[in-house]
Amino acid sequence: MSKLQALKNFRFPNVFILILIVFISCALLICINFFTIKILSANRAYVNGESHYSKGQKDASRHLITYLFTKNRTQWKLYLEELKVPQGDGIARITLLKAGDNKIARKGFLVGRNNEDDLDDIIWLFENFKNVSFLSKAIHEWGQGDKLIFDLFVIGQQINAKIEHNILTADDQKKFLKKISAISDRLTINERNFSNTLGEGTRKIKDLLIITNIFFILIIICSVCMYYSIMVKRLLVSKKETEVKNENLIIVNRELDRFVYSASHDLRSPITSLKGLIEITALEDDVQQVRNYLEMMHHSLERQDQFISDIIDYSKNKRKEVILEPVSLKELCNEAILQLMHIENANRITFTQELLVDQIESDGLRLKIIINNLLSNAIKYADCSKKEMFITIRTYFSEGLNKIEVTDNGIGIHDDHKANIFDMYFGTNKNKGSGLGLYIVKEAVENIKGDISVFSESSVGSKFIVTIPSSYAV
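Per chain, residues are indexed from 1 in the order of the written sequence. At least 70 in pLDDT is required for a residue's local features to be given in this predicted model, at least 80 for side-chain atom pairs to be given and counted, and no such filter applies to totals for whole chains, interfaces and linings, which use all residues. Calculation of side-chain values draws on the structure's entire complement of heavy atoms; hydrogens and water are dropped beforehand.

**Side note on the UniProt feature "transmembrane region" (unreviewed entry) in the chain**
- UniProt positions are given in the numbering used here, feature names are shortened, and annotations may be inferred rather than shown by experiment. UniProt's entry tags residues 12-35 and 208-230 with the feature "transmembrane region" (unreviewed entry), counted in the numbering of this structure.
- Secondary structure follows DSSP: runs of H or I at least 4 residues long count as helices, runs of E at least 2 residues long count as strands, and numbering of each begins at the N terminus. As annotated, residues 208-230 comprises 100% helix and 0% strand, and the C-alpha atoms at either end are separated by 32 Å.

Dropping the structure here:
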């Protein structure tokens with residue numbers, strides 16, 4: 001197999017698959033980055049909300065303690081106002097856990113002093129990731145904090161009731177102060193755990209985002225590299241094919257130039273000969289000599305006819321596509337022998353057929369050209385000095401291949417000429433043929449993926465063996 005055929009047989013991955021991979025990877029990368037940024041933005045909003053939650057709780061505790069010792073109603077109002085911040089967040093949490101009305105949750109978050117622009121991300125993250133480990137743990141800490149906020153609210157109500165009824169004692173103040181401090185300390189721990197949990201989740205998401213980005217970027221880079229590699233290989237193959245085609249065109253042009261030159265010469269030669277014979281015949285009175293001239297004219301016309309027939313075969317072999325069909329070798333051989341019996345000395349030759357294979361699947365036109373030309377050559381180059389002249393045609397199946405063998409005891413081929421017998425216009429005797437016959441045979445054999453070999457000895461005879469691939473066998 002040639003290098004060009006090997007390149008043609010090389011199967012490239014489908015570039016459309018690579019383009020699809022790049023497209024899908026880019027789409028996934030965009031989606032992953034979008035949702036990751038959305039998650040990080042929501043996390044940032046929760047951390048910001050936690051700061052308002054913590055500040056509201058601490059300010060409420062401070063105002064409650066001040067109210068506890070000063071009994072100033074303004075401090076009580078400030079306590080209630082600040083306590084609404086963590087209470088609002090608590091209402092939002094309970095509403096979202098119960099999959100309730102998001103409007104109530106939004107109002108709760110707004111009371112919790114969260115930015116209105118962050119509410120969509122906050123609610124989206126809670127609804128979609130509440131069962132994810134880091135957020136689930138943070139929500140648990142949030143719930144624990146809300147319980148402590150409720151305890152702080154209860155203590156506030158107890159303090160207010162005692163102050164309103166003027167039954168608050170110094171011991172009560174100490175007791176309430178201790179409880180408020182304990183709740184505040186526990187809330188600080190909950191708030192810290194909440195922030196740390198969200199921070200840990202944010203770091204994991206960041207790391208996952210980096211790994212995911214690297215993964216998809218590598219896929220995109222590899223796909224693009226493979227795409228360009230394929231394109232480069234295809235360009236190289238295309239370049240190689242173009243070079244081969246150019247080389248073939250150069251060869252074809254040379255053959256065409258040679259063919260046109262030789263054809264014009266061979267077409268003109270019989271005509272010139274005929275014109276000369278006609279001129280001298282017109283001046284001849286001897287009947288016998290006129291007959292001799294007419295015989296010479298006949299031979300000249302036969303050569304012309306044979307040459308035209310060779311040109312037609314050449315054209316058919318070059319232009320017509322190979323068509324596989326059932327072919328009878330017996331019919332082709334019988335038809336060829338009948339058509340060639342007009343050649344000089346053909347009636348003196350004994351034709352023998354040993355057809356062990358008859359029906360094969362191949363191109364009928366090429367096989368007809370091959371058999372006709374091989375038999376024609378065998379007849380033309382018969383050795384008339386021998387008492388018995390014969391041509392044997394054999395067909396058989398050997399080593400998985402169909403073979404056609406034409407053997408004769410003609411004049412044979414000189415060793416110096418064997419290397420050139422399949423060249424265009426090569427002939428040992430131009431009076432016997434155009435020099436196209438074996439060239440056409442060679443091309444016809446190659447067109448049906450076959451092979452031809454010759455064994456010949458000068459003055460002994462010749463044997464041509466045409467091999468047809470087994471894939472053509474019926």
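Text resumes after the structure shown.
**Things to note about the packing of aromatic side chains**
- Put simply, two rings from Phe, Tyr or Trp (the six-membered ring, in Trp's case) pair if the centres are within 6.5 Å, and we call them stacked under 30 degrees between planes, edge-to-face over 60, tilted for the rest. For the coordinates displayed, the defined rule picks out 9 aromatic pairs.
- Ring geometry for Trp76 and Tyr79: centres 5.1 Å apart, planes at 35 degrees, overall tilted. On the criterion of helical spacing, the pair formed by Trp76 and Tyr79 is a turn pair, its members being 3 residues apart in helix H3 (residues 73-97).
- Arranged with centres 5.3 Å apart and planes meeting at 75 degrees, the rings of Phe215 and Phe216 form a pair that is edge-to-face.
- Judged by relative accessible area, Phe216 falls into the buried class, the value being 10%.
- The structure contains a cluster of three or more aromatic residues connected by ring pairs, namely Tyr46, Phe109, Phe126, Trp142 and Phe194.
- The aromatic ring of Trp124 is capped on one face by Lys38, whose charged end is 5.1 Å from the ring centroid.
- Remark: a charge is flagged as sitting over a ring if the NZ atom of Lys or the CZ atom of Arg is within 6 Å of the ring centre and within 35 degrees of the ring normal. Taking the ring centre of Phe176 as reference, the NZ or CZ of Lys175 above it sits at 5.5 Å. Relative accessible area decides the class of each residue, using a 1.4 Å probe on protein chains only: under 20% of the type maximum gives buried, over 50% gives exposed, and in between gives partly exposed.

**What to know about the sheet that holds strand S5 (residues 401-408)**
- Any two strands are treated as partners once DSSP identifies two or more bridges connecting them. A sheet is described by the order of its strands in space; here 5 strands give the open sequence S2-S4-S5-S7-S6, paired in mixed fashion. Every other strand in the sheet has two partners, leaving strand S2 (349-355) and strand S6 (451-457) as the edge strands with one partner each. Neighbour-to-neighbour, the strand axes of this sheet turn through a mean angle of 10 degrees, independent of strand direction.
- Sheet topology note: the S6/strand S7 (residues 461-468) ladder contains 7 bridges and is antiparallel. Geometry is summarised by axes, namely lines fitted to C-alpha atoms with helices restricted to the contacting stretch, and by angles between N-to-C directions that run from 0 to 180 degrees.

**Some words on the pairing of S7**
- A large share of S7 lies buried, amounting to 7 of its 8 residues.
- Both S5 and S7 contribute to a ladder of 7 bridges, which runs antiparallel. Within S7, the position partnered with Asp408 by the bridge is Ser462.
- What sits between S6 and S7 in their antiparallel hairpin is a turn of 3 residues, with Ser459 showing a positive phi close to 75 degrees.

**What about the environment of Ile219?**
- Mapped onto the elements, Ile219 comes out in helix H7 (residues 170-282).
- Classification of Ile219 as partly exposed rests on a relative accessible area of 22%.

**Observations concerning the nonpolar core**
- What makes a nonpolar core is a set of buried Ala, Val, Leu, Ile, Met, Phe, Trp, Tyr and Cys residues whose side-chain atoms join them at distances within 4.5 Å. Of all hydrophobic cores here, the largest spans 41 residues; its most connected members are Tyr46, Leu64, Phe109 and Ile159.
- Mapped onto this core, the elements with two or more residues apiece are helix H2 (15-70), H3, helix H4 (102-111), helix H5 (119-129), helix H6 (133-164) and H7.
- Top element by residues in this core is H6. It accounts for 11 residues.
- With residues near it in sequence (within four places) discarded, Ile159 still touches Leu64, Tyr67, Leu68, Phe176 and Ile180.
- In terms of nonpolar packing, the next biggest core, distinct from the first, is built from 37 residues, Leu375, Ala378, Ala382 and Ile413 among them. Should any heavy atoms of two residues lie within 4.5 Å, those residues are counted as being in contact.

**Notes on unusual backbone geometry**
- Even without glycine at this site, Lys449 takes up a positive phi of about 60 degrees.
- Along the chain, the position of Lys449 falls in the loop between helix H11 (437-447) and S6.
- Owing to a relative accessible area of 61%, Lys449 belongs among the exposed residues under this scheme.
- Here the phi dihedral of Ser459 falls at roughly 75 degrees; this positive angle occurs in a residue that is not glycine.
- Turning to its location among the elements, Ser459 is positioned in the loop between S6 and S7.

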